[in-house]
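Fold and geometry: a report
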Amino acid sequence: MSGRGGGTPWHLFALLAAAAGLAFALSLAIGASGFGFKPAGDAGALIFWEIRLPRAVLGTLVGATLGLSGAALQGYLRNPLAEPSLIGVSGGAALGAVLAIHLGLSQVLPLALPVGGLLGAAAALIAVAALAGLRGGPITLILAGLAVSATTTAAISLALNLSPNPFAAIEMVYWMMGSLADRSLTQVWLGAPLMLAGIGVLLLLGRALDALSLGEDAAVSLGIDAKRTRLALIAGIALSVGAATAITGVIGFVGLLVPHALRPWLGHRPGLLLPASLLGGAILVTAADIALRLLEPWADVRIGVFTALFGAPFFLWLVLKTRSELAP
Amino acid sequence: MRLEASGIKVWLKRRAVLNGLDLAADRGQLTAVIGANGAGKTTLLRVLAGLLPAAAGEGRLDGRALAAWPRPQLARTLAYLPQERTIHWALSARSVVALGRLPHRALGQGESAADRAAIARAITTMDIGHLAERPVSDMSGGEKARVLMARALAQEPRVLIADEPAAGLDPAHQLALFRHFVTFATSGRTVLVALHDLSLAARFCHKIVLVHAGRALAAGPPEEVLTPPQLAAAYGIAAEYRTIDGLPVVLPFDVLP
């Protein structure tokens, strides 16, 4: 494996950055109205700017957010099975959007879904932060996240159960499956600053996560501020994943899969894994989105369903591998 | 630098773990904290590393209260080696040792030549050159202990606090480790270790603090502290302090009723 030494494996980062750039370009170039940056027809320019660009930007940003958040959370919890949805913010975003549909707001206001999602994510963040507190170890954060997730799941079920009409129920279910399609540039403008802010906060955690490999006492004795680290982690994931989920719905398994696949190539160093997973997530989500567009019979499959379909067997393999490693 | 504790009281879960403990570890000396399981050794070391606030009394480093030290400056001055030896990822030994340089590096700054030299020195001192590129997840407990010790040395601290650093090491590496502690201390550093091996304490440490029931029962040179009556009081054992070819040996031979 590369990257075991002291240096940064720049060649790997160059490769990942090039692949992310290529995936973004391909996402702009591929679509129902033909290959290239100038789709055919009178509506060509419109298709490029209003359909392909938001989709490509969202794929890259949301993927980056999910990959990075997964790496940050796994590093903080020192657990390779953690996923960003674990801290309950994506559940909050889903609940907010579902409520916007339930109350009929999405019929009236064009931005009701993403705004509802953001408000839901913010509420979940406050609940998790209050429950988990700034002191305490990984376990309290996991428990707080579980409690909030369970509550949002129950509330979403209730909203579905009491949905005003079958169409609203279908809309809620479809929204929760996660999709990059048919998002406007306005929605991108709404979510992008929050995602970028969250990404910025999380990228600063590298040193703290490296030090936490030795446990909390050793990390603090190396000069890490435990409270600030916890606050930055929760806020960073809430901002980025909350905003991502509010715009695109739930896209699972990316945050689990990407850090895990990249970790051996970075000598298992949690700090270096952050920027690598950012790029890896962007590649994975954009590539999955392109694949869905190219595979004709899959065109109606939502990206959240697609990633779950391929992520679940990966998770299974991960569990089996962990089991064999733990076996005597 | 002198590391001091005066009148330290710590309550954990409504139990007084430390109850007015005094201690001083001086520059140029290897000081050992000994005592039975649950006597409060680890708690004391955590207070002195600035990781745990005391309910009363205070820890002082170089005459200044530990609480008044800015954390980054303390991290460049004092290294703490916890008893807990879990390393959470399959990092290479070199990556673990390199963590000791974190307090000396600014945010976003790579390893400097000084960092690399300190890492190489620590790896040589702890005799782990052959393990440097291996993942710690494949190592034995003793090998991990040496890697973690090298991490603390790479930090180049003026004060080193180590919680049971000898546990799990084979005799050869125990002796090598304590010889190194002595060299490290006599080169002008302050070293404070918690220990269970009384013979190691007797042979290598300049000063021993015997902790019992949250207080220092005795403190001073080994021959004054490791006396049968005091060992009986602190551990409930019958033990003898002997010298073999001029080297002190403490031999516990019975548990007192």
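A brief look at the structure comes next.

Cut-offs applied
- Residues numbered from 1 in each chain as written.
- Chains lettered and ligands numbered in written order.
- Predicted model: local features only at pLDDT ≥ 70, side-chain atom pairs only at ≥ 80, totals over all residues.
- Helix = DSSP H or I, 4+ residues; strand = E, 2+ residues; numbered from the N terminus.
- Buried ≥ 20, exposed ≤ 12 C-beta atoms within 10 Å, placed from the backbone.
- Contact = placed C-beta atoms within 7 Å.
- Core = buried A, V, L, I, M, F, W, Y, C linked by C-beta atoms within 7 Å.
- Pairing = 2+ DSSP bridges.
- Axes fitted to C-alpha atoms, helices over the stretch in contact; angles between N-to-C directions.

1. Some remarks on the overall build of chain A
Each helix and strand counted, chain A has 14 helices and 0 strands in total. Listing every helix and strand of chain A by position from the N terminus yields α-α-α-α-α-α-α-α-α-α-α-α-α-α. Considered along the principal axes of its C-alpha atoms, chain A spans approximately 60 × 45 × 40 Å. The 328 residues of chain A split such that 51% are buried. Long-range pairs, those at least 24 residues apart, make up 77% of the contacts in chain A with a sequence separation of at least 6.

2. Considerations on the interface of chain A and chain B
Residue-level contacts link 22 residues of chain A with 28 residues of chain B. Elements supplying a minimum of two residues to the side of chain A that touches chain B: α9 (206–212) and α10 (216–221) of chain A. It is α10 of chain A that contributes the most residues to the side of chain A that touches chain B, 4 residues altogether.

3. Describing unusual backbone geometry
Residue and element names in this part refer to chain B. You will see that E164, though not glycine, has its phi angle at about 50 degrees, which is positive. Here E164 shows up in the loop between β7 (159–163) and α6 (171–186). The phi torsion at D245 lies on the positive side, around 50 degrees, for a residue other than glycine. Take D245: it is sitting in the loop between β11 (237–244) and β12 (247–255). Classification of D245 as exposed rests on a count of 5 C-beta atoms within 10 Å.

4. Regarding the nonpolar core
Side chains of a nonpolar character, in soluble globular proteins, are inclined to be buried together. Membership of the largest hydrophobic core comes to 179 residues, with the highest contact counts inside it found for A72 of chain A together with V97, A150 and I161 of chain B. The element contributing the most residues to this core is helix α2 (residues 44–77) of chain A, with 13 residues. With residues near it in sequence (within four places) discarded, I161 of chain B still touches L45, L48, A49, L78, Y80, L81 and L192 of chain B.

5. Focus: the sheet that holds strand β1 (residues 3–12) of chain B
Residues and elements named next belong to chain B. Strand order in the open sheet made by the 4 strands is β2-β1-β4-β5, with antiparallel pairing throughout. With one partner strand each, in any of the chains shown, β2 (15–25) and β5 (64–65) form the two edges of the open sheet. Its contacts with the sheet place helix α1 (residues 41–48) against β1, β2 and β4 (56–61), and it is angled at close to 120 degrees to β1.

6. Some words on the sheet that holds strand β8 (residues 190–195) of chain B
Residue and element names in this part refer to chain B. Taken in spatial order, the 6 strands line up as β6-β7-β8-β3-β9-β10 in an open sheet, and their pairing is mixed. A single partner strand is all that each edge strand has here, and the edge strands are β6 (78–81) and β10 (215–220). Pairwise comparison of adjacent strand axes, ignoring direction, gives a mean angle of 15 degrees for this sheet. Direction of pairing for β6 relative to β7: parallel, over a ladder of 4 bridges. Each residue of the ladder has a partner; that of Y80, found in β7, is I161. Contacts from helix α5 (residues 141–154) reach β6 and β7 within the one sheet, and its direction differs from that of β6 by about 170 degrees.

Honestly, it's all geometry; don't read function into it.
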